[in-house]
Structure formats: structure tokens, C-alpha cells
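So the chains spell out like this:
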Amino acid sequence: MVSPGISLLEIDRFAENYAIKHGAKPAFKGYHSYPASICLSVNNVVVHGIPSNYVLQYGDIVGLDYGVELDGYFGDSAVTVGVGQISEMAERLIKVTQKSLELGIEQCLPGSRIGDISYAIQQYAEGHSFSVVRNFVGHGIGRRLHEEPPVPNYGHKGKGLKLEAGMVLAIEPMVNEGGHETVVLPDGWTAVTKDGSLSAHFEHTVAITKSGPKILTLPDL
Ligand code: CO
């Protein structure tokens, strides 16, 4: 649906109906009083943008973060996409963030540690001279949207909780063009970069199995 001229509220309405049509429940609506079914984070918004009547403009980037509950289990996933043609910098930021998620997912093996995921993401993003957000982290997920353990996007190889088959994690790097600092707006949700720079966000829900990581939120395209 992302294209110049569409409003964020239209996307939210679709997201809400889509879950319901499939017998699922939008996981975010009402969660700690969050007012919508999807988070839409434009340009300098890092995460948790509340869909408004803002109309997407050619050149914007927008993060779409969506979760549902189906048969008692939760899934949570995010992508960042460009609206029409975007700047080379924005393109690079999106590619690096997506790749950092892939590298984090590759670390999801029994016997590895949370810090291995964190380290892989941080190394790759900072190696491309971007910064990783610290004020928000990934999380365990399952019968609730947010479970233990926290999954930071920065940290040290070999540190943290040991991963075991059967664990399910929502891994969600948020990467900024400038500094890593964020500020939450007075609406209590919208997190923006402190320096006004662009930010991108990708997320998958990933199961740890004996045979390696299993991504549970791949879209059937
Ligand atoms: Co999440």
C-alpha cells in the first residue's frame, strides 16, 4: 500500500481488518493503551509512530511494524521501505539495517548466546558508520507479545543468556543515520532520533531449532 498520496490511517485501517479477516487479533491495539493496529514510523521516527492523517510523500522512508495474536500465539515483524525513489543515504540505511537483522538471525543457534546476536548486529551497522539504537530492544515472544529475554542490538560476543531449541525471539535492529540517541514525543509513543537523522527498523520473529533459525514471519509473496 505504500505509495505517494496514501495516508497512514488508511494503512492502519487495512492492517486492522486484515488480522480480523484471518481470525487473528491485532496485537498492538490496546497494548499499554497503544491506539492503533500497526506502528508507522516515517523518516526520523525510530519506532512506535502512531498512524495519523499524514500523507506519505515521494522520498519518505516508512517503517511498518505489525503484530498479531492467533490461537494464543503472537507474531511480530517490521520492514522499512521507501516511498518512490529515495536518497542514496536512505537506500543504504535500509539495506544495512535489513542485512544486520539477517546476520543477527544467523546467530540463532542452540548453544549460542544473546550477545552473539547483539554483537553481529552492532558490528555490521557500526561498520557501515551508522549507529544502533539502545533505548529499545528486541524480546522473547510467544503467548505474550513481549517475553523474556531482552534482545539488545548492541553487546558482546559470548555474553548473555544461552539459546536453546524451542526459544522464540523477536529480533529488531533499529539503525540511525546519525547518533543512537532517541527522544519520545509528548504523545508517549513516537520515538524520534535526537539529532533528526533518518532511522530504519526491521524485525522478524525467529524460532531456535536444532536445525538452525526458523523465521516465523516470512511473508508469502
Ligand atoms: Co517487537
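Preceding this section is the structure that the text describes.
My aim in this report is to walk through the structure given alongside it, one point at a time. (Residues numbered from 1 in each chain as written. Predicted model: local features only at pLDDT ≥ 70, side-chain atom pairs only at ≥ 80, totals over all residues. Heavy atoms only, no water.)

### Let's talk about the overall build of the protein
Thought 1: For the protein, the helix and strand inventory stands at three helices and 15 strands.
Thought 2: For 221 residues, the compact-globule estimate of 2.2 N^0.38 gives 17 Å, and the protein sits close to it at 17 Å.
Thought 3: Looking at the protein as a whole, 48% of its 221 residues are labelled buried.
Thought 4: Element-wise, carbon and sulfur atoms account for 54% of the exposed surface of the protein, whose accessible area totals about 10700 Å².
Thought 5: Between the centroid of the 17 positive side chains of the protein and the centroid of its 24 negative side chains there is a distance of 7 Å. (Helix = DSSP H or I, 4+ residues; strand = E, 2+ residues; numbered from the N terminus. Rg over C-alpha atoms; globule rule 2.2 N^0.38 Å. Buried < 20%, exposed > 50% of the residue type's maximum accessible area, 1.4 Å probe, protein only. Areas by Shrake-Rupley, 256 points an atom, 1.4 Å probe, with all protein chains shown as cover. Lys, Arg positive; Asp, Glu negative; His and termini not counted. Charge placed at Lys NZ, Arg CZ, Asp CG, Glu CD.)

### Description of the sheet that holds strand β6 (residues 131-132)
Pairing between sheet strands relies on hydrogen bonds along the backbone, with the strands arranged either parallel or antiparallel.
Thought 1: Here we have three strands laid out as an open sheet, ordered β6-β10-β13, and antiparallel in their pairing. The sheet terminates laterally at β6 and β13 (199-201), the two strands that pair on one side only.
Thought 2: Relative to β13, strand β10 (residues 174-176) runs antiparallel, the two sharing three bridges. Note on β13: the bridge partner recorded for valine 175 is alanine 200.
Thought 3: Relative to β13, helix α2 (residues 88-106) is tilted by about 35°, and along the sheet it contacts β10 and β13. (Pairing = 2+ DSSP bridges. Contact = heavy atoms within 4.5 Å. Axes fitted to C-alpha atoms, helices over the stretch in contact; angles between N-to-C directions.)

### What about the coordination of the cobalt ion?
Thought 1: Bound to the cobalt ion are the protein donor atoms Asp76 (OD), His139 (NE2), Glu172 (OE) and Glu203 (OE), situated 2.1 to 2.2 Å from the metal.
Thought 2: For the cobalt ion, the four donor atoms in the first shell make angles of 82 to 171° at the metal, so the coordination geometry reads as irregular.
Thought 3: Read from N- to C-terminus, the donor residues coordinating the cobalt ion fall into the pattern D-x62-H-x32-E-x30-E. Taken together, the residues histidine 139 in strand β7 (residues 138-140) and glutamate 203 in the loop between β13 and β14 (204-209) connect sequence positions 64 residues apart. Glutamate 203 matches histidine 139 in its accessibility class, with the two residues each being buried. (Donors = N, O, S within 2.8 Å, 3.2 Å for Na, K, Ca; no water. Tetrahedral: all angles 85-135°; square planar, octahedral: opposite > 155°, others 65-115°.)

### Remarks on helix α1 (residues 8-21)
Helical periodicity: at 3.6 residues per turn, an α-helix aligns residues three or four positions apart in one direction.
Thought 1: Look at α1: 20 Å from first C-alpha to last across 14 residues, which is about the 20 Å you get at 1.5 Å a residue.
Thought 2: Looking at the packing, one finds that the buried side of α1 touches β1 (25-26), β2 (38-42) and β4 (61-70). (Expected span 1.5 Å × (residues − 1).)

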